[in-house]
Amino acid sequence: MADNYISEYFKKHTDVSLKKYIINYKLKLVETRLKYTDAQDSEIALELGFTDSSHLNKTFKTYKGISLSTYKAGLA
(Lines give C-alpha, C1' and ligand atoms only; values in the text may rest on other atoms or scores of the structure.)
Protein backbone atom coordinates (compact mmCIF):
# COMPACT_ATOMS: atom_id res chain seq x y z
CA MET A 1 0.00 0.00 0.00
CA ALA A 2 1.12 3.52 -0.67
CA ASP A 3 1.69 5.85 2.29
CA ASN A 4 -0.72 8.35 0.81
CA TYR A 5 -3.50 5.75 0.59
CA ILE A 6 -3.10 4.81 4.26
CA SER A 7 -3.26 8.46 5.31
CA GLU A 8 -6.35 9.13 3.19
CA TYR A 9 -8.06 5.95 4.45
CA PHE A 10 -7.30 6.84 8.07
CA LYS A 11 -8.60 10.39 7.70
CA LYS A 12 -11.74 9.21 5.90
CA HIS A 13 -12.62 6.88 8.77
CA THR A 14 -11.53 8.99 11.76
CA ASP A 15 -11.82 12.61 10.55
CA VAL A 16 -8.27 13.15 11.88
CA SER A 17 -5.11 13.02 9.80
CA LEU A 18 -2.74 10.19 10.60
CA LYS A 19 0.08 12.64 11.34
CA LYS A 20 -2.06 14.63 13.79
CA TYR A 21 -3.24 11.43 15.47
CA ILE A 22 0.34 10.22 15.97
CA ILE A 23 1.49 13.58 17.33
CA ASN A 24 -1.43 13.76 19.76
CA TYR A 25 -0.71 10.21 20.92
CA LYS A 26 2.96 11.08 21.50
CA LEU A 27 1.96 14.18 23.45
CA LYS A 28 -0.27 12.08 25.69
CA LEU A 29 2.76 9.90 26.35
CA VAL A 30 4.76 13.05 27.16
CA GLU A 31 2.10 14.09 29.67
CA THR A 32 2.21 10.64 31.28
CA ARG A 33 6.02 10.70 31.51
CA LEU A 34 5.96 14.16 33.07
CA LYS A 35 3.35 13.13 35.64
CA TYR A 36 4.80 9.79 36.70
CA THR A 37 8.55 9.93 36.13
CA ASP A 38 11.48 12.19 36.90
CA ALA A 39 12.70 12.04 33.30
CA GLN A 40 14.16 15.22 31.84
CA ASP A 41 12.57 16.88 28.82
CA SER A 42 15.54 15.89 26.67
CA GLU A 43 15.19 12.21 27.67
CA ILE A 44 11.48 12.21 26.87
CA ALA A 45 12.14 13.95 23.55
CA LEU A 46 14.65 11.30 22.49
CA GLU A 47 12.42 8.43 23.66
CA LEU A 48 9.50 9.64 21.58
CA GLY A 49 11.33 10.60 18.41
CA PHE A 50 11.56 14.38 18.72
CA THR A 51 14.77 16.05 17.53
CA ASP A 52 15.49 17.59 20.93
CA SER A 53 13.71 19.16 23.91
CA SER A 54 13.23 22.42 22.00
CA HIS A 55 11.38 20.59 19.21
CA LEU A 56 9.27 18.77 21.82
CA ASN A 57 8.44 22.05 23.60
CA LYS A 58 7.47 23.76 20.34
CA THR A 59 5.24 20.86 19.31
CA PHE A 60 3.69 20.63 22.79
CA LYS A 61 2.92 24.35 22.79
CA THR A 62 1.45 24.22 19.28
CA TYR A 63 -0.91 21.34 20.04
CA LYS A 64 -1.65 21.88 23.75
CA GLY A 65 -1.46 25.68 23.93
CA ILE A 66 1.01 25.77 26.82
CA SER A 67 4.73 25.19 27.23
CA LEU A 68 6.23 22.15 28.93
CA SER A 69 7.37 24.24 31.88
CA THR A 70 3.87 25.66 32.39
CA TYR A 71 2.40 22.17 32.17
CA LYS A 72 4.91 20.83 34.72
CA ALA A 73 4.22 23.76 37.07
CA GLY A 74 0.54 22.84 36.98
CA LEU A 75 1.37 19.32 38.16
CA ALA A 76 2.90 20.51 41.41
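Criteria and cut-off values
Residues numbered from 1 in each chain as written. Predicted model: local features only at pLDDT ≥ 70, side-chain atom pairs only at ≥ 80, totals over all residues. Heavy atoms only, no water. Salt bridge = Lys/Arg side-chain N within 4 Å of Asp/Glu carboxyl O. Helix = DSSP H or I, 4+ residues; strand = E, 2+ residues; numbered from the N terminus. Buried < 20%, exposed > 50% of the residue type's maximum accessible area, 1.4 Å probe, protein only.

1. Here's the deal with the pattern of salt bridges
No. 1: Taken as a whole and judged by the stated rule, the model has three salt bridges.
No. 2: Note that Arg33 is salt-bridged to Glu47, the shortest N-O span being 2.8 Å. Here Arg33 is found in helix H2 (residues 18-36), whereas its partner Glu47 is found in helix H3 (residues 41-47), with 14 residues between them in sequence.
No. 3: With its nearest N and O atoms 2.9 Å apart, the salt bridge here joins Lys72 to Asp41. Linking Lys72 in helix H5 (residues 68-75) with Asp41 in helix H3, this pair joins segments that are 31 residues apart in sequence.
No. 4: Overall, the relative accessible area of 35% leaves Lys72 in the partly exposed class.

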